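Fold and geometry: a report
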Amino acid sequence: MFSHESTFELRERMVREQIRKRGIHDRAVLQAMLDVPRHEFVETRNVEEAYGDHPLPIGGEQTISQPYMVALMTQELALKGGENVLEIGTGSGYQTAILARIAGMVCTIERIDSLLAQAGKRLERMGYSNVKLRNCDGTLGWPEESPFQGIIVTAGAPGVPPPLLDQLDQGGRLVIPVGDRFIQTLLVLERHGKRFKKTRSGGCRFVPLLGEHGWEDDRR
Ligand code: SAM
């Protein structure tokens, strides 16, 4: 495994060729992408592909997102350090680790118990002490831990879940892919009083956000 390059060199190349070249400039985001060992968040059989320019399966029909998408969504949160951030869709825990390197606290919710347990173990082993994990429907948010200065949804939604808007702090930013079950637009909403300034940050393709304010789980 990784016979010719150290994993740090692989990350340097990933950041240079996949992330900086596509316009990601936030220094804290670039540093976090260099620091977090992505190969520790993928299944053993996919470890050789951990630094590839694409998502990878992580079990339960779910995926670890493409590195560029992780960087873009994190940059869109515009974190300065110290924020309380909510993540919906823990998955492998990779995005959680990137956030935990920049924010003060990361509250992360995953609906698949086995994925959450695995991610929790990984993050603990790696020494992240500023992460709280919860197994429930993330479309309801985490009211007890709100307000959040940043909210990131890493699954594709049919619309913006109203509880997430309620739990966003003044000046806070919510980053969420919204569209149909297969293709979405990345929306960024910034709260000012009762108003939300909306911008679009390109097209994307995520697994569906299931739950009360998401898509129906059609296997039920
Ligand atoms: N951020 C993850 C990572 O870095 O590995 C990738 C997340 S994956 C693209 C989307 C995740 O959202 C899946 O693990 C899925 O189970 C989860 N998910 C979908 N609907 C959810 C909901 N209502 N609440 C919490 N998690 C949800």
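Provided above is the structure to which this section pertains.
Residues numbered from 1 in each chain as written. Predicted model: local features only at pLDDT ≥ 70, side-chain atom pairs only at ≥ 80, totals over all residues. Heavy atoms only, no water.

**Here we look at the nonpolar core**
We count it as follows: Nonpolar core, defined: a set of buried Ala, Val, Leu, Ile, Met, Phe, Trp, Tyr and Cys residues in which side-chain atoms within 4.5 Å join the residues together. Residue exposure (1.4 Å probe, protein chains only): buried if accessible area is under 20% of the type maximum, exposed if over 50%, otherwise partly exposed. Per the convention used, a helix needs a DSSP run of H or I reaching at least four residues, while a strand needs a run of E reaching at least two, with both numbered from the N terminus. In this analysis, two residues are considered to be in contact whenever any of their non-hydrogen atoms come within 4.5 Å of each other.
Among the nonpolar cores identified, the biggest contains 47 residues, and Ile24, Met33 and Tyr94 are the most heavily contacted of them. Contributions of two or more residues to this core are made by helix H1 (7–20), helix H2 (27–35), strand E1 (56–59), helix H3 (67–77), helix H4 (94–100), helix H5 (113–125) and strand E8 (184–192). With seven residues, the single largest contributor to this core is H3. For Ile24, the contacting residues outside a window of four places in its chain are Ile19, Val29, Leu30, Tyr68, Ala71, Leu72 and Gln75. Among the nonpolar cores identified, the runner-up in size contains 18 residues, and Leu86, Phe148, Ala157 and Leu187 belong to it.

**A look at H5**
As a reminder, the rule being used: To estimate the expected span of a helix, count its residues, drop one, and scale the result by 1.5 Å. What the arc describes is the spread of directions from the helix axis to the C-beta atoms.
In this model H5 runs 18 Å from its N-terminal to its C-terminal C-alpha over 13 residues, within 8% of the 18 Å that 1.5 Å per residue would give. Turning to H5, its buried residues number three or more, namely Leu115, Leu116, Ala119, Gly120, Arg122 and Leu123. Along the axis of H5, the buried positions cluster into a sector of 165°, meaning they face one direction only. Exposed side of H5, more than 90 degrees from the buried face: Ser114, Lys121, Glu124 and Arg125 are the residues found there. Buried residues along H5 sit in contact with E1, strand E2 (62–64), H4, strand E4 (105–110) and strand E5 (131–135). Just beyond H5, the residue with positive phi is Gly127, at close to 90°.

**Some details on the layout of surface pockets**
Counted only if it meets this: A pocket here means an open set of points on a 1 Å grid, computed over the protein atoms alone, that has protein on both sides within 12 Å along at least five of seven lines. A cavity is instead a set of points where a 1.4 Å probe fits but cannot get out; residues with an atom within 4 Å of a point line either one. Grid points are joined across faces, edges and corners, and a volume is the space filled by probe spheres set on the points. Side-chain classes follow a simple rule in which Ala, Val, Leu, Ile, Met, Phe, Trp, Tyr, Cys and Pro form the nonpolar group, Asp, Glu, Lys and Arg form the charged group, and the remainder, Gly included, forms the polar group.
Quantified by volume, the largest pocket comes out at close to 710 Å³. Lining of the largest pocket is provided by 41 residues; of these, Gln62, Thr63, Thr154, Ala155 and Val207 occupy positions nearest its centre. Those elements that place two or more of their residues in the lining of the largest pocket are E2, H3, strand E3 (84–88), H4 and E4. Looking at the lining of the largest pocket, its residues break down into 19 nonpolar, 12 polar and 10 charged.

**Re the pairing of E8**
Using the following cut-off: A strand pair is defined by DSSP finding two or more bridges across the two strands.
Counting buried positions over the nine residues of E8 gives seven, a clear majority of the element. Note: strand E7 (residues 168–179) against E8, seven bridges, orientation antiparallel. Its bridge partner being in E8, Ile176 is matched across the sheet by Leu187. Where E7 folds back on E8, the antiparallel hairpin that results is connected by four residues. By the bridge criterion, eight bridges tie E8 to strand E9 (residues 195–204) in an arrangement that is antiparallel. Paired with Thr185 across the two strands is Gly203, which belongs to E9. The antiparallel pairing of E8 with E9 creates a hairpin that spans two residues between the two strands, and Gly193 there sits at a positive phi of about 65°.

**Things to note about the sheet that holds E7**
What counts, and what does not: Axes here refer to lines fitted to C-alpha atoms; in helices the fit is confined to the stretch in contact. Angles between the N-to-C directions go from 0 to 180 degrees.
If you walk across this open sheet you meet the seven strands as E5-E4-E3-E6-E7-E8-E9, and the pairing is mixed. Only two strands of the sheet have a single partner each, and these edge strands are E5 and E9. Sheet twist, expressed as the average angle between the axes of neighbouring strands with direction ignored, equals 15°. Across the face of the sheet, H3 comes into contact with E3, strand E6 (148–153), E7, E8 and E9 while running at roughly 150° to E7.

**Section: the side chain of Arg11**
Under the convention used in this document: Polar contact is defined as a pair of N or O atoms within 3.5 Å, subject to the rule that within protein one atom must be able to donate a hydrogen and the other to accept it, and that residues adjacent in sequence are counted only when both atoms are side-chain atoms.
Of note, Arg11 is situated in helix H1. Only 2.9 Å separates the side chain of Arg11 from the side chain of Tyr51, close enough to count as a polar contact.

**Remarks on the environment of Asp169**
In this fold, Asp169 is placed in strand E7. When residues no more than four places from it in sequence are discounted, the contact partners of Asp169 are Pro147, Phe148, Gln149 and Arg191. A polar contact is formed between the side chain of Asp169 and the side chain of Gln149, at a distance of 2.8 Å.

**Looking at the packing of aromatic side chains**
Keep this limit in mind: Only the six-membered ring of Trp is used, alongside the rings of Phe and Tyr, when aromatic pairs are assigned; centres must lie within 6.5 Å, and planes under 30 degrees apart are stacked while those over 60 apart are edge-to-face, with the rest tilted. Note on criteria: charge over ring means Lys NZ or Arg CZ within 6 Å of the ring centre, with the direction from the centre no more than 35 degrees off the ring normal.
Under the definition given, this model contains one aromatic pair. Aromatic side chains Phe41 and Tyr94 sit 5.6 Å apart centroid to centroid with 70° between the ring planes, which places their arrangement in the edge-to-face category. With Phe41 in the loop between H2 and E1 and Tyr94 in helix H4, this residue pair connects regions lying 53 residues apart in the sequence. Taken as a pair, Phe41 and Tyr94 share a single burial class, namely buried. Positioned above the aromatic ring of Tyr68 is the side chain of Arg22, whose terminal nitrogen or guanidinium carbon lies 5.1 Å from the ring centre.

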